[in-house]
Amino acid sequence: MRRAAAARGGAGGARRWLPWLGLCFWAAGAAAARGTDNGEVLPESIPSAPGTLPHFIEEPGDAYIIKSNPIALRCKARPAMQIFFKCNGEWVHQNEHVSEESLDESSGLKVREVFINVTRQQVEDFHGPEDYWCQCVAWSHLGTSKSRKASVRIAYLRKNFEQDPQGREVPIEGMIVLHCRPPEGVPAAEVEWLKNEEPIDSEQDENIDTRADHNLIIRQARLSDSGNYTCMAANIVAKRRSLSATVVVYVNGGWSSWTEWSACNVRCGRGWQKRSRTCTNPAPLNGGAFCEGMSVQKITCTSLCPGIENASDIALYSGLGAAVVAVTVLVVGITLYRRSQSDYGVDVIDSSALTGGFQTFNFKTVRQGNSLLLNSSMQPDLTVSRTYSGPICLQDPLDKELMTESSLFNPLSDIKVKVQSSFMVSLGVSERAEYHGKNHSGTFPHGNNRSFTTVHPRNKTPYIQNLSSLPTRTELRTTGVFGHLGGRLVMPNTGVSLLIPHSAIPEENSWEIYMSINQGEPSLQSDGSEVLLSPEVTCGPPDMIVTTPFALTIPHCADVSSEHWNIHLKKRTQQGKWEEVMSVEDESTSCYCLLDPFACHVLLDSFGTYALTGEPITDCAVKQLKVAVFGCMSCNSLDYNLRVYCVDNTPCAFQEVVSDERHQGGQLLEEPKLLHFKGNTFSLQISVLDIPPFLWRIKPFTACQEVPFSRVWCGNRQPLHCAFSLERYTPTTTQLSCKICIRQLKGHEQILQVQTSILENERETITFFAQEDSTFPAQTGPKAFKIPYSIRQRICATFDTPNAKGKDWQMLAQKNSINRNLSYFATQSSPSAVILNLWEARHQHDGDLDSLACALEEIGRTHTKLSNIKESQLDEADFSYSRQNGL
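None of these values were measured; they are calculated from a predicted model. (Residues numbered from 1 in each chain as written. Predicted model: local features only at pLDDT ≥ 70, side-chain atom pairs only at ≥ 80, totals over all residues. Heavy atoms only, no water.)

> Give a description of the overall build of the chain that names residues and reports values.
Summing up its helical and strand segments, the chain has 12 helices and 47 strands in all. In the chain, of all internal contacts separated by at least 6 residues, the share reaching a separation of at least 24 is 72%. Total accessible area on the chain stands at roughly 44800 Å², and carbon and sulfur atoms take up 51% of it. (Helix = DSSP H or I, 4+ residues; strand = E, 2+ residues; numbered from the N terminus. Contact = heavy atoms within 4.5 Å. Areas by Shrake-Rupley, 256 points an atom, 1.4 Å probe, with all protein chains shown as cover.)

So, in structure tokens, the structure goes:
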């Protein structure tokens, strides 16, 4: 122990005396330089002024390490015989210094400049009470001088804002305050505000202040201040964007002055006269409140009747009286007829109705989320008032209670309104069925031309309940027992499958392998702008070890483009946290991801829970949505309910909808269609069009509904749908035809054409789900694979051997459109076998052996037409023969 202590003391002493040893070497060199053969003394190469302490011309400054790039610390002093760095109290080794000498021509003094490099590893390894620091120590004849301490820190900027700005609705000339707390970072992030994607310059607008703790303050709101505001945070490492906040500046209406009283409306006897005013001073804008009070006032008046001079006057007044009576009877008759034809109609009456005139009126709902602003993410139209004379687009009815008189018409205290509550249907969700053993299955539909199977309603009575009482969804699950021969495990109608290659499980061993899909709330929580693109798929058992990578196929809903998406594969740890395995575009030797338009095929060597997430790079990033419409009779024999679904375009998401509707007695009315939904923050509108006017009518305020962007883009486990309630005029109406328009504002749209009979025995069944999956969820042995085992062995033996002409497994990968991350295959014992496993996973539905044969022919290694191989070659006898003959 004493030796060790002595050794440590010696090492420490060496570090402490290192600068002085350098000075000694410098002095010896200087003495040698001064001596010559003829006895002359040469001056020093760079003179120094004795008796002067070093003065620092340049001191080291604080620095930040960005990513893994080292930083350089510099200092310069005069006069200086030597300069050394000391970091965290320890001398830096002389070999790590780079020094330069020069002569100050004005003073003739020696100037020395020294710099060192500091790496990220050095900073991370330091664990002290303060930041990593360094300072310079300079020597002259008189003594030493020390520079300031320079701190070195690792720069970073977190992803999530500590506080995002929130949308506001303010009256004109009111104050607007948008709060923003940028993400934590080193150095601290600087904040910039954007309005409609354009930078805000507070110096050019005295009404705006952006200097108070990163907040945006608009002292007096103007109409032009309405828009979308975004907080931008940036430091030397990265830039981050907050969520956009929509600001709406509204104007409450004000009455104009009263007009003059009109003349009495009769020339003889008792009548009335009126005056009016309009809500135009100012007119309500951007959902502002309509004027309170009456727009028309009436008073009675009396006109003296002139004397009747002759019989012609009597005839004139008698004719006028008869005409007035006839018109009155006609108006009353029409009014009674219209009321008899409307069971639920809107009755809007004020005193002006006595004249037979009709007025439109403005109204504003209770201010909660600005439901009358159809697209809160768009720049609002500030030039027109909101005058509604038809159906009103409301937010998704799933998020609201049933509408009542008080919630809609509170501001209209002077107008009598009678509206029946609109009929909103919230779907109940039934328990999920598990798949085991020999359940029949369908498959993941590809493309638009598909054959479909039917779904028949199990219950004619709709099952209606509130979302708060929905039972918790279980998981879809399937199992199978696999051995040395391998096989394929398929989750019917979900697009999820697992391929266990031959020899992945040791001989004489067998495992019960399971696969499940989480249909509850996702455990993977989105981080910032990241969204979940696939179901969470679990395969196990987790302690199982395979000798060859297995292939897991997971469907996704992204419109694949490396320019717009950054897609990641993530795995859940035993502690329940999610970790990134790899980015799909990265190079890795631990796993391989092949991204197809509708699914991702992953080669893995360990079981667990996996999912795909995506981070949109631009606003052009697109999620694919599947839109479908279901219908069923209501409890009221005259009502018919339409439910329009918009879900992620993955088979398991749509299967969930089908299962729910089967328990509701719903019927698919039109083949589902694909909608491209952009990440441009604009919402989704769903509307019912072209309803036959004399046969059907739609309940008030349900003809158009709007779904916020975040609910569609971020998604959730509750199937997103909107409900519409239609009513027949008579029970004899049995045919329904209309259009369902689903469109994204400033995006794409789809039209679903409904043409159906509401009577079950007359209804044409719309089909879905192609029957292309295997008959059983689990297939084992050679019949689970498309390529016969003997042919597969020959291909591997041929292409695993390196070839001078390049006709080896790399060429095989290239011909099968596998062009990236080839280093993964190079680490495998048989690269060709792994490539063929990936081919099997990609072609499980079509088994396109012709394409593989063409690829082999192009390489020039074989001209065998694989598609001509008979099914008899796939049985176990062929496999046993191949093993016996060493193939």
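> Pulling in residues and values, what's your account of the side chain of His601?
Position of His601 among the secondary structure elements: in strand β35 (residues 599–604). A residue is classified by how much of its surface remains accessible, and His601, at 4% relative accessible area, is buried. In this structure the side chain of His601 is engaged in a polar contact, spanning 3.0 Å, whose partner is the side chain of Thr553. Only 3.0 Å separates the side chain of His601 from the side chain of Asp596, close enough to count as a polar contact. The residues touching His601, leaving out its near neighbours within four places in the chain, are Leu552, Thr553, Tyr592, Cys593, Leu594, Asp596, Leu838, Ala841 and Arg842. (Buried < 20%, exposed > 50% of the residue type's maximum accessible area, 1.4 Å probe, protein only. Polar contact = N/O pair within 3.5 Å; in protein donor to acceptor, adjacent residues only side chain to side chain.)

> Account for helix α10 (residues 831–842), with residues named and values stated.
The end-to-end C-alpha distance of α10 is 17 Å, a good match for the 16 Å that 12 residues give at a rise of 1.5 Å each. The buried fraction of α10 is high, at 11 of 12 residues. When we look at burial in α10, the residues that qualify are Pro831, Ser832, Ala833, Val834, Ile835, Leu836, Asn837, Leu838, Trp839, Glu840 and Ala841. (Expected span 1.5 Å × (residues − 1).)

> Could you give an account of the sheet that holds strand β26 (residues 487–491), with specific residues and numbers?
One open sheet accounts for 6 strands, arranged β34-β35-β31-β27-β26-β47; its pairing is antiparallel. Edge positions in the open sheet fall to β34 (592–595) and β47 (778–780), since each of these has one partner strand only. Adjacent strand axes in the sheet meet at a mean angle of 15 degrees, parallel and antiparallel pairs treated alike. Across 5 bridges, the pairing between β26 and strand β27 (residues 496–500) is antiparallel. From the neighbouring strand, Arg488 faces β27, where its bridge partner is Leu499. The strands touched by α10 within the sheet are β26, β27, β31 (550–555), β34 and β35, with β35 carrying the most contacts at an inclination of about 150 degrees. (Pairing = 2+ DSSP bridges. Axes fitted to C-alpha atoms, helices over the stretch in contact; angles between N-to-C directions.)

> Talk me through the packing of aromatic side chains; I want residue IDs and the actual numbers.
Scanning the model with the defined rule gives 15 aromatic pairs in all. Between Trp565 and Trp713, the aromatic rings sit 5.7 Å apart at their centres with planes inclined by 10 degrees, giving stacked as the arrangement. One end of the pair, Trp565, is in strand β32 (residues 565–572); the other, Trp713, is in helix α6 (residues 709–714), with 148 residues separating them in the sequence. Across this residue pair, the class does not change: Trp565 and Trp713 are buried. Their ring planes at 50 degrees and their centres at 6.5 Å tell us that Trp809 and Phe825 sit as a pair that is tilted. Separated by 16 residues along the polypeptide, Trp809 in helix α8 (residues 809–815) and Phe825 in helix α9 (residues 823–826) bring together distant segments of the chain. For Phe825, a relative accessible area of 0% puts it in the buried group. One aromatic cluster is present, formed by Trp565, Phe677, Phe709 and Trp713 through successive ring pairs. Against the face of Trp255 rests Arg277, its NZ or CZ located 4.2 Å from the ring centre. (Phe/Tyr/Trp six-rings, centres within 6.5 Å; stacked < 30°, edge-to-face > 60°. Lys NZ or Arg CZ within 6 Å of the ring centre and 35° of its normal.)

> For the pattern of salt bridges, give the residues involved together with the corresponding values.
In total, this model carries 20 salt bridges according to the counting rule given. Here Asp104 ties to Arg78 by a salt bridge, and the two come within 2.1 Å at their closest N and O atoms. A residue pair is termed long-range when its members are at least 10 positions apart, and Asp104 in the loop between β6 (98–103) and β7 (110–118) and Arg78 in strand β3 (residues 71–78) qualify at 26 residues. Residue Arg219 pairs with Asp209 through a salt bridge whose shortest N-O separation is 3.9 Å. Placement of the pair is Arg219 in the loop between β18 (216–218) and β19 (227–234) and Asp209 in strand β17 (residues 208–209), with a sequence separation of 10 residues. One network of salt bridges, with partners in common, ties together Asp205, Arg222 and Asp225. (Salt bridge = Lys/Arg side-chain N within 4 Å of Asp/Glu carboxyl O.)

> I'd love a proper account of the state of the cysteines, names of residues and values included.
Evaluated as defined, the whole model comprises 5 disulfides. Across the disulfide from Cys264 sits Cys301; the S-S distance is 1.9 Å. Taking the sign of the S-S torsion, about 85 degrees here, the bridge from Cys264 to Cys301 comes out right-handed. Linking Cys264 in the loop between β21 (245–250) and β22 (269–276) with Cys301 in strand β23 (residues 296–303), this pair joins segments that are 37 residues apart in sequence. By relative accessible area, which is 23% here, Cys264 ends up partly exposed. Take Cys301: its relative accessible area is 11%, and that puts it in the buried class. (Disulfide = S-S within 2.5 Å.)

Remember that the coordinates give geometry; whether it matters functionally is a separate question.
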